[in-house]
Structures are given as structure tokens and as C-alpha cells.
Amino acid sequence: MRLFVGLEIPAAVRENLAALMKKLSALEKQPSAKKARWVRPKNLHVTLKFIGEAAPNKLDEIIAALSAVHSGQPAGLQFRGLGFFPDEKRPRVLWASIDASPNLAAIARDIERQLEPLGFPREKRAFTPHLTLARFEPPGISERLRAAVREDAERDFGALWAGEFHLIESKLKPSGAEYTTLHSFPFAAEA
């Protein structure tokens, strides 16, 4: 099983981002544009921990470990702005930025801490909340797409108060990843 831990995003945020992605992906229809792989809007989520491959017989242990993650309050997220990983010159990923309350990073660290004894190593990179919108292979984009992203670089897409996270299975298919929520974990009282 290929697993990750994530937050669902509100429908309004999803719709705002879907409209933006439709506008930006239309630029690919230009003859000189490089090909991007756009995330399907229904698959947009905030990843707290990518677990990766896990044996099905570990599922109960994973659920028990994640059940121990708690926070004194919901996590606040503001979806605002766009950017690139690793940078704008040779981007591999286009993402929407997230301004999050400090407890979101603490929740992500606690998830890491709970899963590490089960054989899932901690991330080497610091937790940076974001929504992946597109991946570029090979790295790089057209100047037209770059300019369009700059136009929306500070755009506000909406907000979320999250009181639960989810264990999600990702099945890779030729048509794209298919996600199934296996278990939900309330970590704070609902906002």
C-alpha cells in the first residue's frame, strides 16, 4: 500500500485553484510550451507526511500510532500565493503557498515521531505546507506560463480551520493517482 497523511481542503479553495489551473494549463496548448502534469483538482490536499509503501499488515499499527497525535486547537491555514520548487528558473513543481498556524508544523512533527518506531523514517527537509498544482519533467516552463504565475503570485485562494487529518492510500494508475481515505483522526475540537 502507498500511503500518506494529509488534510482535505475546502470546496471553495478547491474551486478557486481548479479555475486557476484550468487557466494556466491552457497555456500548454501553445506549440512551444513544455508539458506539465497537472494535479486533478479532486486530488488537491495538504500532505503532512508521505509514508510511502507499507505492508497491509502494518495498517493497524499505523492507525494506532496516528491516533496518539493531538493538538490543543485546530490548525488554521490560509491558501495564498504561488511559487516553484526548487526555484523559478528550473522549476520541477508549481505550488500554492500556505500560511499556517504554528501548531500545524507541531502536528507534522508529532506524526513523524509516532511513525518513526514503525520503520518510517523522518523527513530530512523541514515541513513546508503547500499544495502541489503541477509537476514539470523535464524541469522548466515557458515564459508565458512563468508570467501568468507571476500575475497570480499573491492571489488569495481561501482558508481552512482543520481539526482532523486523514490516512490516505494512493493508487497510481495511468489516468493519474486515485486517493482513498482509510481513516480520519480528529486531533482537536472542530473550529
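What you see is a predicted model, and the numbers here were worked out from it, not measured in a lab.

Draft legend 1. Broad picture of the sheet that holds strand 3 (residues 45-53). Strand order in the open sheet made by the four strands is 3-1-8-9, with antiparallel pairing throughout. Among the strands making up the open sheet, the edge pair consists of strand 3 and strand 9 (176-186). Across the sheet, the mean angle from the axis of one strand to that of its neighbour is 25°, orientation sign disregarded. When strand 1 (residues 2-8) meets strand 3, the two strands line up antiparallel, connected through seven bridges. Along strand 3, the bridge assignment pairs leucine 3 with glycine 52. The sheet strands contacting helix 3 (residues 102-115) are strand 1, strand 3 and strand 8 (164-173), and the helix crosses strand 3 at an angle near 10°.

Draft legend 2. Seen up close, the pairing of strand 5 (residues 93-100). Inspection of the sheet shows strand 4 (residues 75-85) paired to strand 5 by seven bridges, in the antiparallel sense. If you follow glycine 83 over to strand 5, its bridge partner there is tryptophan 95. Pairing analysis gives five bridges linking strand 5 to strand 6 (residues 130-136), with the strands arranged antiparallel. Paired with alanine 96 across the strands is leucine 131, a residue of strand 6.

Draft legend 3. Quick peek at the sheet that holds strand 6. Ordered in space as 2-6-5-4-7, the five strands form an open sheet in which the pairing is antiparallel. Every other strand in the sheet has two partners, leaving strand 2 (36-38) and strand 7 (156-162) as the edge strands with one partner each. Between one strand axis and the next, the sheet turns by 30° as a mean value, whatever way the strands run. Against the sheet, helix 3 makes contact with strand 4 and strand 5, and its axis sits at roughly 80° relative to strand 4, the strand it touches most.

Draft legend 4. Quick look at the pairing of strand 1. Counting buried positions over the seven residues of strand 1 gives five, a clear majority of the element. Here four bridges tie strand 1 to strand 8, and the two strands are oriented antiparallel to one another. What sits directly across from leucine 3, in strand 8, is glutamate 169.

Draft legend 5. Region of the structure containing the environment of histidine 183. Counting through the fold element by element, histidine 183 comes out in strand 9. In this structure histidine 183 comes out as partly exposed when scored by relative accessible area, which is 31%. Distance from histidine 183 to leucine 115, taken between C-alpha atoms, is 15 Å for residues 68 residues apart in sequence. For histidine 183, the residues in contact, after removing those within four places along its chain, are Ile63, Phe165, His166 and Leu167.

Draft legend 6. Layout of the environment of arginine 135. Considering the arrangement of structural elements, one finds arginine 135 in strand 6. Overall, arginine 135 belongs to the partly exposed group, its relative accessible area being 37%. For the pair arginine 135 and glutamate 15, spaced 120 residues apart in sequence, the C-alpha to C-alpha distance is 20 Å.

Draft legend 7. Looking closely at unusual backbone geometry. Phenylalanine 85 connects to proline 86 through a cis peptide bond whose omega is -10°. The residue proline 86 is located in the loop between strand 4 and strand 5 in this model. A cis geometry characterises the amide bond from glutamate 137 onward to proline 138, with omega recorded as 0°. When you line up the elements, proline 138 lands in the loop between strand 6 and helix 4 (143-151).

Draft legend 8. Quick peek at the pattern of salt bridges. One pass over the structure, following the stated rule, counts 15 salt bridges. Close ionic contact of glutamate 143 with arginine 146 constitutes a salt bridge, the shortest N to O distance being 3.0 Å. With glutamate 143 and arginine 146 both in helix 4 and three residues apart, the pair spans about one turn of that helix. A relative accessible area of 46% means that glutamate 143 is categorised as partly exposed. Among the charged side chains, a salt-bridge network with shared partners connects Glu88, Glu143, Arg146 and Arg150.

Scoring rules and cut-offs
- Numbers given for residues are sequential positions, taken from 1 along each chain in its written order.
- Reporting in this predicted model follows two pLDDT cut-offs: at least 70 for local features of residues, and 80 or more for side-chain atom pairs to be given and counted; totals over whole chains, interfaces and linings ignore these cut-offs and use all residues.
- Side-chain numbers here rest on the full set of heavy atoms in the structure, without hydrogens or water.
- Strand pairing follows a simple DSSP-based rule, namely that at least 2 bridges must link the two strands.
- Segments assigned H or I by DSSP are reported as helices when at least four residues long, segments assigned E as strands when at least two residues long, and all are numbered from the N terminus.
- Here an angle of 0 to 180 degrees is reported between the N-to-C directions of two axes, which are lines fitted to C-alpha atoms, with helices fitted over the stretch in contact.
- Working rule for contacts: check all heavy atoms of both residues, and any pair within 4.5 Å makes them a contact.
- Accessible area is worked out with a 1.4 Å probe on protein chains only. A residue is then buried under 20% of its type maximum, exposed over 50%, and partly exposed in between.
- Salt bridge, as used here: a side-chain nitrogen of Lys or Arg that lies within 4 Å of a carboxyl oxygen of Asp or Glu.

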